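# Structural overview
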Amino acid sequence: MQVKKWLIILAVSAAVLAGVAFLALKSQGIQTLLLDRVSDVFVNRGARTLPASDSLRVFVCGSASPMGNSGQAQACIAVLTPDHFYIVDSGAGSTANLQSGLLPLNRLQGIFLTHFHSDHIAEIYEVNLGSWVNGRPQPLTVYGPTGVETVVAAVNDGYSLDRKYRTDHHGLALLPPEMGVLSAKTVQPGIIFESGDLKVTMYTGGHPPIEPAVGYRFDYRGRSVVVSGDSLVTDETRKISDNTDLLLHDALSEPIVSTMSQAAGEAGRNRISKIMSDVLDYHASATSLIELGARVDIGMVAFYHLVPSVDNIVIKQIFERDMPSNYLLAEDGMWFELPIDSDEIRVSMP
Ligand SMILES: [Zn+2]
Ligand SMILES: [Zn+2]
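Read on for an overview of the structure. Keep in mind the model is a prediction, meaning the values are calculated, not measured. (Residues numbered from 1 in each chain as written. Chains lettered and ligands numbered in written order. Predicted model: local features only at pLDDT ≥ 70, side-chain atom pairs only at ≥ 80, totals over all residues.)

### Digging into the overall build of the protein
When helices and strands are counted, the protein shows twelve helices and 15 strands. Across its three principal directions, the C-alpha atoms of the protein cover 70 × 60 × 50 Å. Every one of the 350 residues in the protein was classed for burial, and the buried ones make up 37%. Of the contacts formed within the protein by residues at least 6 apart in sequence, a portion of 65% connects residues at least 24 apart. (Helix = DSSP H or I, 4+ residues; strand = E, 2+ residues; numbered from the N terminus. Buried ≥ 20, exposed ≤ 12 C-beta atoms within 10 Å, placed from the backbone. Contact = placed C-beta atoms within 7 Å.)

Quick look at the structure:
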């Protein structure tokens, strides 16, 4: 009885204190006092930088597909070395993840597009703007298969007024206009370039009926990562991912998508049902990716561009069915660190 009485007193006291704090925050004097503190936090957060590392590093700036409502950003994978920083695709929500992950946007050297579905290109301008504002010293290059010029020309054109407003407002010295204009570079499957110790190779994906669709492999001082974009598992996938450390691949859960498509049909939601059944044959199924790992030599496989996005524990568990121990589901904000002269892959979520 005594314990119950004290618990009631504690609960009432906490409620009174919360009420007093809430009323105090309505006072302009208290707000001004706290604003100094809030400004300090804001300034300090802006000054924080990514810790240096000699490793090949991969950051998940977008792990979701357009299907589902998980709150995760759409397709975006960042690849960094001490001298390089590129992203593969620029899906909705991904620029905010690059910023909160403290990635050095002023150092961004290029975007590799896998294909031109909206969930892979939505934030090309946002990330361009973010890196321009942060002082990127050269125009940003967008690499991609045939079609990239059309996309980049439209982005440059559509945001020409935005660029003008920003330069007019902040000045030529802070925002030189030529740094805000994206440059497009059409590339074909094969080695795209070698820059210092980094080699980037494009390979042909299989995302029928979408063509072209490609993926990329990055090799750096004996470590390697492959990023698929949207693709089935094909012979090209097997070739490019053999003898690679880390494969990030789009992944679809066939049992979930089939069941959802059927349920939508039974509920009379025929448009949704048709779209769901259409996507079944243009993304790699989780099962096909597990088979891939059994046939070729891959250190670790991370499923991203999850179809559907993982917005509850049931979907997560079904996605993880029969997953080997070197497989995982990527999440926004996840880091993979591949130290040089090692086989190790360190996975972390800050
Ligand atoms: Zn696609
Ligand atoms: Zn996609």
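So that's the structure; there's more coming.
### Some words on helix 2 (residues 28-47)
Its 20 residues give helix 2 an end-to-end C-alpha distance of 28 Å, which sits within 8% of 28 Å, the value for a rise of 1.5 Å per residue. Judged by how many residues are buried, helix 2 sits mostly at the surface: zero of 20 residues are covered. (Expected span 1.5 Å × (residues − 1).)

### Re the nonpolar core
Side chains of nonpolar character tend, in soluble globular proteins, to be buried together. Residues I77, A78 and L246 are the most contacted members of the largest nonpolar core, which totals 78 residues. At eight residues, strand 12 (residues 298-307) tops the list of elements feeding residues into this core. (Core = buried A, V, L, I, M, F, W, Y, C linked by C-beta atoms within 7 Å.)

### Details of the pairing of strand 11 (residues 244-252)
Extensive coverage of strand 11 is indicated by the burial of nine of its nine residues. Pairing geometry for strand 10 (residues 223-227) and strand 11, over three bridges, is parallel. Note on strand 11: the bridge partner recorded for V226 is L247. With helix 8 (residues 235-241) bridging strand 10 and its parallel neighbour strand 11, the resulting β-α-β unit is right-handed. (Pairing = 2+ DSSP bridges. Right-handed = clockwise from strand over helix to strand, strands pointing away.)

### Observations regarding the packing of helix 9 (residues 254-266) against helix 10 (residues 270-279)
Put simply, helix 9 and helix 10 touch, their axes get as near as 7 Å, and they point 160° apart. Considering the angle they form, helix 9 stands roughly antiparallel to helix 10. In the crossing of helix 9 with helix 10, the sense of the turn from one axis to the other is left-handed. Facing V257, M260, S261, A264 and G265 of helix 9, the residues of helix 10 in contact are N270, I272, S273, M276, S277 and V279. For the contact of helix 9 with helix 10, the per-class residue count stands at six nonpolar, five polar and no charged. (Axes fitted to C-alpha atoms, helices over the stretch in contact; angles between N-to-C directions. Parallel < 35°, antiparallel > 145°, perpendicular 65-115°, else oblique. Left-handed = near helix turned anticlockwise from the far one by under 90°. Nonpolar A, V, L, I, M, F, W, Y, C, P; charged D, E, K, R; others polar.)

### Some remarks on the environment of H120
Among the secondary structure elements, H120 is positioned in helix 4 (residues 118-121). For H120, a count of 28 C-beta atoms within 10 Å gives the class buried. For the pair H120 and M67, spaced 53 residues apart in sequence, the C-alpha to C-alpha distance is 13 Å. With sequence-adjacent residues up to four places away left out, H120 is seen in contact with A75, D89, G91, L113, T114, H115 and G229.

### Some remarks on the sheet that holds strand 14 (residues 335-338)
Reading across from one edge, 6-5-4-3-2-1-14-15 is the order of the eight strands in this open sheet, with mixed pairing throughout. Here the strands that pair on one side only, and so sit at the sheet edges, are strand 6 (183-186) and strand 15 (346-348). Adjacent strand axes in the sheet meet at a mean angle of 20° when their direction is disregarded. Bridge count for strand 4 (residues 110-112) against strand 5 (residues 141-144) is three bridges, and the pairing is parallel. The partner of G110 across the bridge, within strand 5, is T141. Most of the contacts of helix 6 (residues 148-158) go to strand 6, to which it runs at about 175°, and overall it touches strand 5 and strand 6.

### Overview of helix 11 (residues 286-295)
Those residues of helix 11 not exposed but buried are A286, L289 and L292. Seen end-on, helix 11 carries its buried residues on one side only, within an arc spanning 110°. In helix 11, the exposed positions that point more than 90 degrees away from the buried face belong to A294 and R295. As for helix 11, its buried residues are in contact with helix 8, strand 11, strand 12 and helix 12 (313-319). (Arc of directions from axis to C-beta.)

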